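Examination of the molecular architecture
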Amino acid sequence: MVDDATRARAARAGDAARAGDAARAADAATRQRVAALRTAIEHHRYRYYVLDDPEVSDAEFDRLIGELRALEEAHPELDHPDSPTHKVGAPPDPAFTPVAHRERMLSLDNVFEAAELDAWFDRVERGLDGAQPTYTAELKVDGVAISLSYVDGWFARAVTRGDGRTGEDITAGARTIEAIPAVLDLRDPPALLEVRGEVYFPVAAFEEMNRAREQAGQERFANPRNAASGALRQKDPRVTATRPLSMVCHGRGVIEGVTLPDHPAFLALLADAGLPVAHETRTGLDRRAVHDFVAHWAEHRHDPDYEIDGAVVKVESFAQQRQLGATSAAPRWAIAVKYPPEERETRLRDIAVNIGRTGKANPYAVLEPVLVSGSTVSTATLHNEDQVALKDVRPGDVVIARKAGDVIPEVVGAVTSKRPPEVAEAGPWRFPTECPFCASPIERLEGEAASYCTNLDCPSRKLEALEHFASRGAMDIDGFGSETARLLLDLGMVGQFADVYHLDRDALLALEGWGEKKTDNLLAAIEASKEQPLERLLFALGIPHVGGTVAGLLARHFGDLDTLRQASEEEIGAVDGVGPVIAQAVRQFFDNPRTAEQVDRLVAAGVRTDTDLGAGTAERTLEGWTVVITGSLEGSTRDEAKQAVVDRGGKVTSSVSKSTSVVVVGDSPGSKADKARELGVPVVDEDGFAALLATGALPEGATDGPAAAPADEG
């Protein structure tokens, strides 16, 4: 018989097992959320920095970063050197010549409240062993970060931030900016002076240009920041010269030939040299004076002739800056104080619904135009049906719109005290049950906040999908914008993606306003797009949850389209950084006869189905090796390092085990290096990694544990 003590032990064991299952379930949910956040952040980072076409506001992006950082701090085992919280900017656009920064262009950490700023002050003082430094306070210009290089006083090069290590050469466009001098006004200039700053579009000039564009029947620019970025990225500097850009300088890179003690001395040098420095900047401040500066400019944020979204606070002494150091993405001696979103009242004229490329029905507000944060807002997002109901906004209401230097304004809510009687009597706005473009039913999927048009041939859906397919981050078909896509759809000349590759030259020439040059340029761009690598094609197809980052992961792992199409859901989900939700979406996309037929037609049209990232002809020196890479590498990106291993026959995994052949350790490697040493797995630095790639043998001194023979060697 079983005694009471045994029963009690069994009960306790059952309780422990159930608790363990719950903990594992929670851990799985946390891991899934972390993966989803990283995918979303990488997507939005690429949209903002590379495509100049953000999909979310700055505040929403900051919220995503904050949530991910909090999860990584609460679960250190989930932190990773490749996490977006450790990155700056985004990879440089391949359309421009890449240039490596001599010294990294870091980003800044953000705080939003006075208490958070005080906490940063406390961390600084602890890092300086109790010393109380002086601070410089500057306005945070909402522009485009660039780095200028002057050699012996002469302007030599301008480079965008890029990913912080490598940027894009925009020298030709920068030379047209009047505020950037061709030669420094110094009798004895430094041998090398790197200056970091922000290129911006003056607000007054921006509004004047938008008025002129409206009068000419052209589309308005969204905001000054995007207009400045687009102007700088023109391949023809004559176009850049037509835009009245300016610049403000605030930071330093490499300086040779002069020694400076602190940031105020650096700013004085810039002013003497004729470089533009913001006159609002204040130096020699203590804590209280910094708080006063931040509060003053929160109230006067529209006084300068450029958009600002906060203030920047810096420790002045360069020696103290060096003592404090930096994280992988941001200096510890500087902080950005972000201002809350600005709010304005206006009238809600109507609530309309747009149908996106996936069929998602997106409600948006049609507003009486109102100036918010330097740009005129006439539409604003309402997110989804639940948000409209929660905010209880109705056509005819006075509403609050906000936009803190962001691209997508939103409606905060209605001012119900100003609601007209007829609007109150009409009752809450109702989400439409039929698509406004095709009259097909709109359905809300169970468990989702979004509603969808059920018609796969909905004209709005097709238009959005075609625009995305041809967009810069996808197949990059120059000249195939919204106007062209709409025209060709309306005429029935295109319906599916593959139809783009069968356009007839004579039929195009017959269109009103289409001459030979316009037609031939479009056809040449279409032909050139066939050479886009697999990762661009996967992104262009509009597979749910597959943004540019995930498309790159799939392309690198599978190498070609046919291999991916034949992969099981489990094989797709096993790709590092993908996971089960994305895997299911990919598998369903290729299993759907309709979308599979579209892909078949694209392949038949001659689009490329392999990838640049997997094309390596290196000797297979690492056949059978299992490699873990941890920390930041100086000579290559993480993806490049992984691909170098794969090209040589090796396999890269994310976790260290006894079957790991070698662990490659860069800067800030985390716990994986410690685990490798505990297990006796060989560890090599970046130089050792280079030798390993070349020879297939570990360098002398790397074998801290058992012999590092290939794990699957017979």
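Up top you'll find the structure we're talking about.
Below is a short write-up of the structure. The shown structure was predicted, so the numbers you read here are calculated from the model rather than taken from an experiment.

Overview of the side chain of Ser-149
On the secondary structure map, Ser-149 appears in strand β4 (residues 144–151). What Ser-149 contacts, discounting residues up to four positions off in sequence, is Arg-102, Trp-154, Phe-155, Ala-156, Arg-157, Leu-193 and Glu-194.

So, the pairing of strand β5 (residues 154–160)
The two faces of the sheet receive side chains in turn, since in a regular strand these alternate between them. Across six bridges, the pairing between β4 and β5 is antiparallel. In the strand pairing of β5, Ser-149 is matched with Arg-157. Between the antiparallel neighbours β4 and β5 lie two residues, among them Asp-152 with a positive phi of about 50°.

Some remarks on the state of the cysteines
Applying the stated rule across the entire model yields zero disulfides. Unpaired in this structure, Cys-453 has its nearest cysteine sulfur neighbour in Cys-438, at a distance of 3.7 Å. On the basis of relative accessibility, which here comes to 3%, the residue Cys-453 falls in the buried class.

Quick notes on the packing of helix α13 (residues 459–470) against helix α14 (residues 482–490)
Running from N to C, α13 and α14 point in directions that differ by 135°, and their axes come no closer than 9 Å. With respect to α14, the element α13 is oriented oblique. Where α13 crosses over α14, the handedness of that crossing is right-handed. Within the contact between the two elements, α13 uses Pro-459, Lys-462, Leu-463, Leu-466 and Glu-467 and α14 uses Ser-482, Ala-485, Arg-486 and Leu-489. Partitioned by chemical class, the residues of the contact of α13 with α14 number five nonpolar, one polar and three charged.

Details of the sheet that holds strand β3 (residues 135–141)
If you walk across this open sheet you meet the five strands as β2-β11-β10-β3-β9, and the pairing is mixed. Only two strands of the sheet have a single neighbouring strand rather than two, namely β2 (110–111) and β9 (282–285). The pairing of β2 with strand β11 (residues 334–338) spans two bridges and is parallel. Pairing of Val-111 across the sheet is with Val-337, part of β11.

Concerning the packing of aromatic side chains
This model, assessed by the stated rule, comprises eleven aromatic pairs. Taking the centre distance of 5.9 Å and the plane angle of 50° together, the rings of Trp-120 and Tyr-135 count as tilted. Taken together, the positions of Trp-120 in helix α3 (residues 114–127) and Tyr-135 in strand β3 put the pair 15 residues apart, joining distant regions of the chain. The two residues Trp-120 and Tyr-135 agree in class, both being buried. Ring plane angle 75° and centroid distance 5.9 Å describe the contact between Phe-201 and Phe-206, whose orientation is recorded as edge-to-face. What makes Phe-206 buried here is its relative accessible area of 0%. Members of the aromatic cluster, joined through ring pairs, are Trp-120, Phe-121 and Tyr-135. When the ring centre of Phe-318 is taken as reference, the NZ or CZ atom of Arg-252 above it lies at 3.6 Å.

Quick notes on the pattern of salt bridges
Any two side chains of opposite charge can pair, on the condition that their charged atoms come close. In this structure the tally under the stated criterion is 28 salt bridges. When the shortest N-O distance is used, the salt bridge between Glu-345 and Lys-418 registers 2.8 Å. Here Glu-345 is found in strand β12 (residues 343–355), whereas its partner Lys-418 is found in the loop between β16 (410–414) and α12 (421–426), with 73 residues between them in sequence. Take Glu-345: its relative accessible area is 42%, and that puts it in the partly exposed class. Note that Asp-457 and Arg-594 form a salt bridge whose closest N and O atoms lie 2.3 Å from each other. Of this pair, Asp-457 sits in the loop between β18 (451–453) and α13 while Arg-594 sits in helix α22 (residues 593–605); the two residues are 137 residues apart in sequence, bridging distant segments of the chain. Within the structure, one salt-bridge network assembled from shared partners comprises Asp-118, Asp-122, Glu-125 and Arg-287.

Brief notes about the sheet that holds strand β21 (residues 662–665)
Reading across the sheet, the four strands line up as β20-β19-β21-β22 and stay open at both edges, with parallel pairing between neighbours. Of all strands in the sheet, those bounded by a partner on one side alone are β20 (651–653) and β22 (683–684). As paired strands, strand β19 (residues 626–630) and β20 are joined by three bridges and run parallel to one another. The partner of Val-628 across the bridge, within β20, is Thr-653.

Considering the side chain of Arg-608
With respect to the helices and strands, the residue Arg-608 is situated in the loop between α22 and β19. The exposure class of Arg-608 is buried, given its relative accessible area of 19%. From its side chain, Arg-608 meets the backbone oxygen of Glu-531 in a polar contact 3.4 Å long. Setting aside chain neighbours within four positions, we find Arg-608 in contact with Lys-530, Glu-531, Gln-532, Pro-533 and Leu-537.

Examining the environment of Phe-121
Locating Phe-121 in the fold gives a position in helix α3. Note: C-alpha distance between Phe-121 and Ala-334 (213 residues apart in sequence) is 9.9 Å. Setting aside anything within four residues of it in sequence, one finds Phe-121 in contact with Tyr-135, Arg-287, Val-290, His-291 and Val-313.

A closer look at α22
With 13 residues, α22 ought to run about 18 Å at 1.5 Å a step, and its terminal C-alpha atoms sit 18 Å apart, in line with that. Turning to α22, its buried residues are Thr-595, Ala-596, Gln-598, Val-599, Leu-602 and Ala-605. Where α22 is buried, its residues contact α13, α17 (534–540), α19 (561–566) and α21 (580–591). You can read the cap of α22 off the contacts: a side-chain oxygen lies 2.8 Å from the backbone nitrogen of Arg-594, and it is on Asn-592. With its phi angle positive at about 105°, Gly-606 sits one or two positions after the end of α22.

Points about the packing of α3 against helix α9 (residues 287–299)
Each pair of packed helices can be summarised by the angle the axes make with each other and by the distance between the axes. Following both chains from N to C, one finds α3 and α9 inclined at 145°, their axes separated by 11 Å at the closest point. α9 is crossed by α3, and the crossing has right-handed handedness. Contacts from Ala-114, Leu-117, Asp-118, Phe-121, Asp-122 and Glu-125 of α3 reach α9 at Arg-287, Val-290 and His-291. Among the residues forming the contact of α3 with α9, the class breakdown is four nonpolar, one polar and four charged.

Thresholds, definitions, all that
The written sequence of each chain sets the order in which its residues are numbered from 1. The predicted origin of the model limits local features to residues at a pLDDT of at least 70 and limits the giving and counting of side-chain atom pairs to 80 or more, whereas totals for whole chains, interfaces and linings rest on all residues. Side-chain calculation: all heavy atoms of the structure are included, whereas hydrogens and water are not. Strands here are runs of E lasting at least two residues and helices are runs of H or I lasting at least four, both read from the DSSP assignment and numbered beginning at the N terminus. Whether two residues are in contact is decided by their heavy atoms: any pair within 4.5 Å suffices. In this scheme, strands are said to pair when DSSP sees at least two bridges between them. When two cysteine sulfur atoms lie within 2.5 Å, the pair is treated as a disulfide. Burial classification: accessible surface area is computed with a 1.4 Å probe over protein chains only, and a residue below 20% of its type maximum counts as buried, one above 50% as exposed, and the rest as partly exposed. Fitted lines through C-alpha atoms serve as axes, helices being fitted only where they are in contact, and the angles separating the N-to-C directions of these axes extend from 0 to 180 degrees. Roughly parallel means an angle under 35 degrees; roughly antiparallel means over 145; roughly perpendicular covers 65 to 115; every other angle is labelled oblique. By the definition used in this description, the sense in which the near helix is turned from the far one sets the handedness, with an anticlockwise turn below a right angle giving left-handed and a clockwise turn giving right-handed. Residues were grouped as follows: Ala, Val, Leu, Ile, Met, Phe, Trp, Tyr, Cys and Pro as nonpolar; Asp, Glu, Lys and Arg as charged; and all remaining residues, including Gly, as polar. Aromatic contacts are taken between Phe, Tyr and Trp rings whose centres are within 6.5 Å, Trp giving its six-membered ring; a plane angle under 30 degrees counts as stacked, one over 60 as edge-to-face, and the others as tilted. Sitting over a ring, as applied to charges here, requires NZ of Lys or CZ of Arg to be within 6 Å of the ring centre and within 35 degrees of the ring normal. The term salt bridge refers to a pairing of a side-chain nitrogen on Lys or Arg with a carboxyl oxygen on Asp or Glu at a separation within 4 Å. N or O atoms within 3.5 Å of each other form a polar contact, as long as, within protein, one can give a hydrogen and the other can take it, and as long as residues adjacent in sequence are counted only when both atoms are side-chain atoms. Take the number of residues in a helix, subtract one, and multiply by 1.5 Å to get its expected span.

Bear in mind that shape data such as this cannot, by itself, settle questions of function.
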